[in-house]
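Chain and residue survey
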Amino acid sequence: MIWGKNRLKKITVFLLILILLSTITGCINKNNNYKKENSLEIILESFDQNDYNNTIEIKWFASAKDGDSILISLYFLSLNDTWEIIVENIDNTGIYYWNIEDLPEIDNSEIKIVASDGKYIAEDFSDRVNINPSRPDHKHSHPPSIELISPNKKYYNYSMDIIWNATDQDGDQIIISIYYYSSLRIREMIIENISNSGYYVWNITGFPIIKECQIMIYAYDGIHFSDDISDIFTIEPINKDKNNSFPPIIKLISPNKNYYKDSMNIIWNATDEDGDYLNISIYYYFNSNWEILAENIQNTNIYIWNFTGLPIICNCWIKINATDGKFFSENISSNFTIVPSSYNVRLVINIQTSINEVKWNHENTKFASCSREGYLHIWNGNTGESEVTIFYNNSGENNHIYSISWSPDDSKIVSGGFDKYVKIWDTKTGELIKNSIKYNGSISGVSWSPDGTKIAVAFGNDANCIRILNSTTFEEIFYKKADYIVKSIIWNSDGSMIAYSVYASNIGLYPAKIYILNTDDWSVNTILEDNPAETPEGWANTIFDIDWSSDDSKIVAGFNDNSIAYWDLTDNNNKRTISIHTSRVFTVSWNKNGNLILSGTEDGSIKIYDIFKDQVIKNYHNLNRDVKSLDWKNNDKEFISGYWYASYFESSIIIWHFDN
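Model, not experiment: these values are computed from the prediction.

On to the sheet that holds strand β42 (residues 485-491). Sheet strands pair by backbone hydrogen bonding; their relative direction is either parallel or antiparallel. With antiparallel pairing, 4 strands are arranged side by side in an open sheet as β42-β43-β44-β45. Because the sheet does not close on itself, it has two edges, and the strands there are β42 and β45 (524-529). On average, each strand axis in the sheet is tilted by 20° relative to the strand beside it, whichever way the strands run. When β42 meets strand β43 (residues 497-503), the two strands line up antiparallel, connected through 5 bridges. In the sheet register, I485 faces β43, and the bridge partner there is Y503.

In structure tokens:
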């Protein structure tokens, strides 16, 4: 019994020692694991999206504080938004040369790098980038070239020989499509996707007379396309039948001005070679449809159209038909704008581009406009004549110019857009003074600092950031990443602060925000938030435009949910929401005195809201154009509006006189 008890004691002591050792080992392992988990670090240092050669250099920094060896894997985001392997489990050399020779072009790709020490991983991601391989020895590396040889005459009556020469440096097969522009400047198809024969006969029998017709031809190699457009010519079909009967000939003489108030004299000249009696019908283009003014009236050569009761109609047209009972001919006017005199308009400019932004210069003697078709115009503020015309020719890239800003002395203007470059132009000659590097995202906003030394740049859904650039060298002074899309950016009056708006483009409840930075140290001064409520369509609310009041005490914003809001920065950032619109608010602007908010919407509405009277004091409506940009003149007596209309690339700039 004694021996048994001693033996039991020894066994018990041995077991206790084992448990103690196990506990100590577990703690050590636990501590080691904790240390190991937090000791792995990976930073993707560079991925040069502007390198269009066959090889791209990828650099990184990876370390493990506990000294474990690290293996690296690289991935890229493919065309179908899935992660594809570049290379797996290579040594941690800090550099890898990626051969992109056989990849297709990929817009908005991304690089992911993964570091592993055998148990734990760490990863990092690049900004959104474009993969654009240059493959001189492979197909599809060069776009086709095309030259339109005919039409080359001024008039065509029965048919037209369309002749072209299209080649491809890579020997790719070329598909041809041919279109024509009607008198309304609408592109109509002649034929699509035919072989590259170099020759096509277009039968124009039965067509109406088209005074300013053009042919546009496209060559497509499966990846790239090129185009060419003819000079302007006239189609005057001669439809002669067995009885030697000719169609009537009609010419529209008026309208022939940019805009009309209250009424218009429609004047024409219609004749018939056979002496047949002619009936006349007149139509006007309104809200995307041809509306009847008069049908089957006598050929009196004049008709008076009264505009009473109509709203503003930008880019209206008149179409007139003459029929002799068997044949008909028609003629369409150039575009014009209807402005009832009650709207008090001083100037209308009809332009064949869709306006993104209009801005007065500081002296209020000129204004500038930029468009989605790549045009930047500088206009005389008194006459409305174009003094400088600049065209973005980006070799097939999207030509959107989203934003412009005058330098403080008005001698230069900065622009930014879809092509990802910041550009500075001479406002007298239109000469390009400075061109930035190509950034990794489209540019949604630019703003010149009041002292002229800096340019603030907002980047959209490719990059989601802001950059502050030296206006002379384009050296980057400050960079800040944003959570989501940065839409608008603007300095306050003395340059001590800068505000920019951020919103999420996808469905969700992310609140739209306005960040205000102190420009002495670029610290965040204030964050203004909108309620994170969804719009009726289910999308997260969006701030389209912001503006400081002239005394820097308030900021106003226009929203996707049809509302306007302004914050009083001197009163605990007190927010006031104004619900006066029934569609999205694209643009807002304070007047100089800071009591009036000018706002424009998707449905063509412009309103002037007095914040002290708490009411709308002026209301303008244009049914068939989006109001994309508004800007007060410094004397508060006039403001300018720019319109955007996607269907026809036709729009207007209007200067309004305001009498409060």
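Let us now look at the environment of E105. Note on placement: E105 falls in the loop between β5 (95-99) and β6 (106-109). In the structure, E105 is positioned 25 residues away from N130 in sequence and 7.6 Å away in space, judged by C-alpha atoms.

The strand order across the open sheet built from 4 strands is β4-β3-β7-β8, with neighbouring strands paired in antiparallel fashion. Each edge of the sheet is formed by a strand with only one pairing partner; in this case those strands are β4 (83-91) and β8 (121-125). Within this sheet the neighbouring strands show an average axis-to-axis angle of 15°, counted without direction. Summarising the sheet, strand β3 (residues 71-77) and strand β7 (residues 111-116) pair through 6 bridges and their orientation is antiparallel. Of the residues in β7, the one forming a bridge with F76 is I111.

Bringing the nonpolar core into the picture now. Core analysis: the largest hydrophobic core is formed by 24 residues, its most contacted members being I42, W60, I72, L74, F76, I86 and W98. Looking at this core, the elements that each hand over two or more residues are β1 (40-47), β2 (55-64), β3, β4 and β7. In terms of residues, this core owes the most to one element, β2, which gives 5 residues. The residues contacting F76, other than those within four sequence positions of it, are T82, W83, E84, I85, I86, W98, L103, I106, S109, E110, I111 and I131.

Bringing unusual backbone geometry into the picture now. Note: most residues except glycine have negative phi, and most peptide bonds are trans. With an omega of 25°, the peptide bond between S150 and P151 qualifies as cis. Topologically, P151 is positioned in the loop between β10 (145-150) and β11 (155-156). S254 connects to P255 through a cis peptide bond whose omega is 20°. Looking at the element boundaries, P255 is found in the loop between β19 (249-254) and β20 (259-260). Of note, D410 is a non-glycine position whose phi angle comes to about 65°, a positive value. Note that D410 resides in the loop between β34 (401-406) and β35 (412-417). For D636, which is not glycine, the phi dihedral falls at a positive 65°. Its location among the elements puts D636 in the loop between β54 (626-632) and β55 (638-644). Residue classification places D636 among the buried residues on the basis of a relative accessible area of 10%.

Calculation notes
- Residues numbered from 1 in each chain as written.
- Predicted model: local features only at pLDDT ≥ 70, side-chain atom pairs only at ≥ 80, totals over all residues.
- Heavy atoms only, no water.
- Pairing = 2+ DSSP bridges.
- Helix = DSSP H or I, 4+ residues; strand = E, 2+ residues; numbered from the N terminus.
- Axes fitted to C-alpha atoms, helices over the stretch in contact; angles between N-to-C directions.
- Core = buried A, V, L, I, M, F, W, Y, C linked by side-chain atoms within 4.5 Å.
- Buried < 20%, exposed > 50% of the residue type's maximum accessible area, 1.4 Å probe, protein only.
- Contact = heavy atoms within 4.5 Å.

Note that all results are geometric; they support no functional claim without further evidence.
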